[in-house]
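Working through the structure, step by step
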Amino acid sequence: MRRLLLSNDDGVHAPGLRALHDALAPHARLRVVAPDRDKSGASNSLTLTRPLSLTDMDNGFYSVDGTPADCVYLGVNGVWEERPDLVISGINHGGNLGDDVLYSGTVAAAMEGRNLGMPAIAMSLVGSRHFDTAGRVAASLVGAADQLSLPPRSLLNVNVPDLPWDQIQGFRVTRLGYRGPASRPLEVRDPRGRVRWWIAAAGENADDGADTDFAAVEAGYVSITPLQTDLTRHAAISDVQGWLDALT
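Treat the numbers as computed from the prediction; the structure is a model and nothing was measured.

**Quick look at the nonpolar core**
- In terms of nonpolar packing, the biggest core is built from 31 residues, with Leu24, Ile88, Met123, Val158 and Val160 touching the most fellow members.
- Those elements that provide at least two residues to this core are strand 1 (3–7), helix 1 (15–24), strand 2 (29–35), strand 5 (86–93), strand 6 (120–126), helix 4 (131–143), strand 7 (154–161) and strand 13 (221–228).
- Top contributing element to this core by residue count: helix 4, with seven residues.

Laid out in structure tokens, this is it:
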């Protein structure tokens, strides 16, 4: 039976993580290693300034006082002798669409698995109700994972519409859309009168063309976007080289 490592960024007590575990338990041997609290927006950060605590919980899950990437690093890279066959992160409470992937701890946990040599999937529910639907999607993808061969340093970013299973229209392979600029931060005052700032909501869709993840989810389809970790803008290399040549 396949060995799966599950993690997330919403924290070890999140309903999406439990839904993912329950959906996959009949199909694989599971180990769950997740942050001890909500780490949404943590991106790919690792904790390098202090040691980490790994706590065995009563339900068999493990919590870590660190980031999603920390959790996957510990789960894959030496805490246990057996390495997993696949890393799955989620099910996130809310979508990870377009530019969200740059900040997402959900995607970062999957990316850490990929960086450590594991196939990886990031799972998100674009809403907060139908985690059972996203769990069924995860189970169907895991069942077919052996038939998919991705290039090195790539992973799948999956976004599931917040709909009952029988209302899902199907699956689409998509590209990332783009958001516009985020709103201004919100100024608030704490009980002692000191000024504090809330980071505002993500920007509105700026590119939600028919082939994007935004459009697929809006139409009721599960969006599957292959992601890579190479951020090089290859098309700009010759332009930058010409600019440098002109400087010398």
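Next, the rest of the story.
**Remarks on the UniProt feature "binding site: a divalent metal cation" (unreviewed entry) in the protein chain**
- Taking the UniProt record as the reference, the feature "binding site: a divalent metal cation" (unreviewed entry) is found at Asp9, Asp10, Ser40 and Asn92. Their sequence span is 84 residues, while the largest C-alpha to C-alpha distance among them is just 9.1 Å; these annotated residues converge on one region.
- In this fold, aspartate 9 is placed in the loop between strand 1 and helix 1.
- Judged by relative accessible area, which is 3%, aspartate 9 ranks as buried.
- Apart from the residues within four sequence positions on either side, aspartate 9 is in contact with Pro35, Arg37, Asp38, Lys39, Ser40, Gly41, Pro68, Asn92, Ser104, Gly105 and Thr106.
- For aspartate 10, the location among the structural elements is in the loop between strand 1 and helix 1.
- Taking the relative accessible area as the measure of exposure, aspartate 10 reaches 18% and is therefore buried.
- Look past the residues within four positions of aspartate 10 in its chain and what remains in contact with it is Arg37, Asp38, Ser40, Ile91, Asn92 and His93.

**Structural notes on the packing of aromatic side chains**
- This structure, assessed with the given rule, holds one aromatic pair.
- Geometrically, the ring pair formed by tyrosine 62 and tryptophan 80 is edge-to-face, given 4.9 Å between the ring centres and 70° between the ring planes. On the criterion of sequence distance, the pair formed by tyrosine 62 in strand 4 (residues 62–64) and tryptophan 80 in the loop between helix 2 (68–76) and strand 5 is long-range, its members being 18 residues apart. Across this residue pair, the class does not change: tyrosine 62 and tryptophan 80 are buried.

**Notes on the sheet that holds strand 1**
- Strand order in the open sheet formed by nine strands is 3-4-2-1-5-6-7-13-8, and the pairing between neighbours is mixed. At either end of the open sheet lies a strand with only one pairing partner, and these are strand 3 (54–56) and strand 8 (170–173). Between one strand and the next, the sheet's axes are offset by a mean angle of 25°, whatever the strand orientation.
- Two strands pair when backbone bridges link them, and strand 7 and strand 13 are joined in this way by six bridges, in the antiparallel orientation. Looking at strand 13, one finds that serine 154 is bridged to glutamine 228.
- On top of the sheet, helix 2 reaches strand 1, strand 2, strand 4 and strand 5; it is set at about 160° to strand 1, its chief contact.
- Set on the sheet, helix 3 (residues 105–115) makes contact with strand 1, strand 5, strand 6, strand 7 and strand 13; between it and strand 5 the angle comes to about 180°.

**Regarding the environment of asparagine 157**
- By the secondary structure assignment, asparagine 157 is in strand 7.
- Measuring from C-alpha to C-alpha, the distance between asparagine 157 and arginine 233 comes to 21 Å, with 76 residues separating the pair along the chain.
- Excluding its chain neighbours within four sequence positions, the residues that come into contact with asparagine 157 are Asn96, Val101, Val107, Ala122, Leu176, Ser223, Ile224, Thr225 and Leu227.
- In this structure the side chain of asparagine 157 is engaged in a polar contact, spanning 3.0 Å, whose partner is the backbone oxygen of asparagine 96.

**Digging into the environment of leucine 156**
- Checked against the element boundaries, leucine 156 lands in strand 7.
- Each C-alpha atom of the pair leucine 156 and isoleucine 199 lies 28 Å from the other, and the pair is 43 residues apart in sequence.
- Beyond its immediate stretch of four places on either side in the chain, leucine 156 contacts Ala120, Ile121, Ala122, Leu148, Leu150, Ile224, Thr225 and Pro226.

**Re the side chain of threonine 133**
- For threonine 133, the location among the structural elements is in helix 4.
- Under the relative-accessibility criterion, threonine 133 is labelled buried at 0%.
- The contact partners of threonine 133, leaving out residues within four places of it in the chain, are Val160, Leu163, Pro164, Trp165 and Ile168.

**Some remarks on the environment of arginine 129**
- By the secondary structure assignment, arginine 129 is in the loop between strand 6 and helix 4.
- With relative accessibility at 60%, the residue arginine 129 sits in the exposed group.
- For the pair formed by arginine 129 and valine 222, sequence separation is 93 residues and the distance between their alpha carbons is 15 Å.

So, how was this worked out
Residues numbered from 1 in each chain as written. Predicted model: local features only at pLDDT ≥ 70, side-chain atom pairs only at ≥ 80, totals over all residues. Heavy atoms only, no water. Core = buried A, V, L, I, M, F, W, Y, C linked by side-chain atoms within 4.5 Å. Buried < 20%, exposed > 50% of the residue type's maximum accessible area, 1.4 Å probe, protein only. Helix = DSSP H or I, 4+ residues; strand = E, 2+ residues; numbered from the N terminus. UniProt positions renumbered as here; feature names shortened; annotations may be inferred. Contact = heavy atoms within 4.5 Å. Phe/Tyr/Trp six-rings, centres within 6.5 Å; stacked < 30°, edge-to-face > 60°. Pairing = 2+ DSSP bridges. Axes fitted to C-alpha atoms, helices over the stretch in contact; angles between N-to-C directions. Polar contact = N/O pair within 3.5 Å; in protein donor to acceptor, adjacent residues only side chain to side chain.

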